[in-house]
Amino acid sequence: MADVITGSRWFFANLVNVILSQEEGGGRMSIVEFAGPPGDMPPLHLHRTDDEAWYVLEGEMSFFVGDEQPICVKARGLAFGSKGVAHTYRVESSEPARWLAICTPGDFERFVVAASRPAERPELPVAMEPPSEAEIAAVTALAAEHGIDLLGPPGVLPSRP
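Residues numbered from 1 in each chain as written. Predicted model: local features only at pLDDT ≥ 70, side-chain atom pairs only at ≥ 80, totals over all residues. Heavy atoms only, no water.

Caption draft 1: Here's a closer look at unusual backbone geometry. The residue after Thr104, namely Pro105, is reached through a cis peptide bond having omega 5°. Counting through the fold element by element, Pro105 comes out in the loop between strand 10 (97-104) and helix 1 (107-115). You will see that Arg76, though not glycine, has its phi angle at about 75°, which is positive. Along the polypeptide, Arg76 turns up in the loop between strand 7 (71-74) and strand 8 (78-81). (Helix = DSSP H or I, 4+ residues; strand = E, 2+ residues; numbered from the N terminus.)

If you want it as structure tokens, here you go:
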């Protein structure tokens, strides 16, 4: 097995750990553990190739998937987003949340590794400055290489009829 990622990484405002890489999952699955601060919300996006399930370990989160009603999930709860469907999440709890992102066939894990950096310590990164236009363009291109389309900045929700 080559290039197995070990150790915590900082992925924007999140602390992540690869539990099962796509390679370890035989090209069929990946699992990444996330920790996110209260209010954490990534850009609205969709995965062209991955289905994604989220299993909340600690805290409370809302998942916004396509035109469905928001899905509120507490610890030991699960939400699901199909490939090709726009989605995002928001950490609702007043304390950081922890969850697993379980993806099939799992290319999302490769994006997370490519877009992150080794954590200097095993805790959430300190608040970051908003990204520059050049950084946004670079992440958008990197996401596209991994079958992910970024559809709007953090805070944008999928449109509902």
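Caption draft 2: Representation of the environment of Ile102 within the structure. Topologically, Ile102 is positioned in strand 10. By relative accessible area, which is 23% here, Ile102 ends up partly exposed. Excluding anything up to four places from it in sequence, Ile102 contacts Met29, Ser30, Ile31, Asp51, Glu52 and Ala53. (Buried < 20%, exposed > 50% of the residue type's maximum accessible area, 1.4 Å probe, protein only. Contact = heavy atoms within 4.5 Å.)

Caption draft 3: Molecular detail of the pattern of salt bridges. In total, this model carries six salt bridges according to the counting rule given. With its nearest N and O atoms 3.0 Å apart, the salt bridge here joins Arg48 to Asp149. With Arg48 in the loop between strand 4 (43-47) and strand 5 (51-58) and Asp149 in strand 12 (residues 148-154), this residue pair connects regions lying 101 residues apart in the sequence. Its relative accessible area of 42% is what places Arg48 among the partly exposed residues. (Salt bridge = Lys/Arg side-chain N within 4 Å of Asp/Glu carboxyl O.)

Caption draft 4: Region of interest: the packing of helix 1 against helix 2 (residues 133-145). At a minimum axis distance of 9 Å, the contact between helix 1 and helix 2 shows a crossing angle of 150°. Our classification of the angle between helix 1 and helix 2 gives roughly antiparallel. Remark: the crossing between helix 1 and helix 2 carries right-handed chirality. Contact residues: helix 1 offers Asp107, Phe111, Ala114 and Ala115, while helix 2 offers Val139, Leu142, Ala143 and Glu145. (Axes fitted to C-alpha atoms, helices over the stretch in contact; angles between N-to-C directions. Parallel < 35°, antiparallel > 145°, perpendicular 65-115°, else oblique. Left-handed = near helix turned anticlockwise from the far one by under 90°.)

Caption draft 5: A look at the packing of aromatic side chains. Following the criterion strictly, the structure yields nine aromatic pairs and no others. An angle of 90° between the planes, with centres 5.8 Å apart, marks the rings of Phe11 and Phe111 as edge-to-face. Here the residue Phe11 occupies a position in strand 1 (residues 9-11), and Phe111 occupies one in helix 1, the gap between them amounting to 100 residues. Phe111 carries the same exposure label as Phe11, and that label is buried. Centre to centre, the rings of Trp54 and Phe63 are 4.8 Å apart; their planes meet at 20°, and the pair counts as stacked. (Phe/Tyr/Trp six-rings, centres within 6.5 Å; stacked < 30°, edge-to-face > 60°.)

Caption draft 6: How the structure looks around the nonpolar core. Membership of the largest hydrophobic core comes to 24 residues, with the highest contact counts inside it found for Phe34, Met61, Phe63, Trp99, Phe108 and Phe111. At the level of secondary structure, the elements contributing two or more residues to this core comprise strand 3 (30-36), strand 5, strand 6 (60-65), strand 9 (87-91), strand 10, helix 1 and helix 2. With near-sequence residues (within four places) excluded, Met61 lies in contact with Val56, Ile71, Cys72, Val73, Tyr89, Arg90, Val91, Glu92, Ala97 and Trp99. (Core = buried A, V, L, I, M, F, W, Y, C linked by side-chain atoms within 4.5 Å.)

By themselves, these observations are geometric and do not establish any function.
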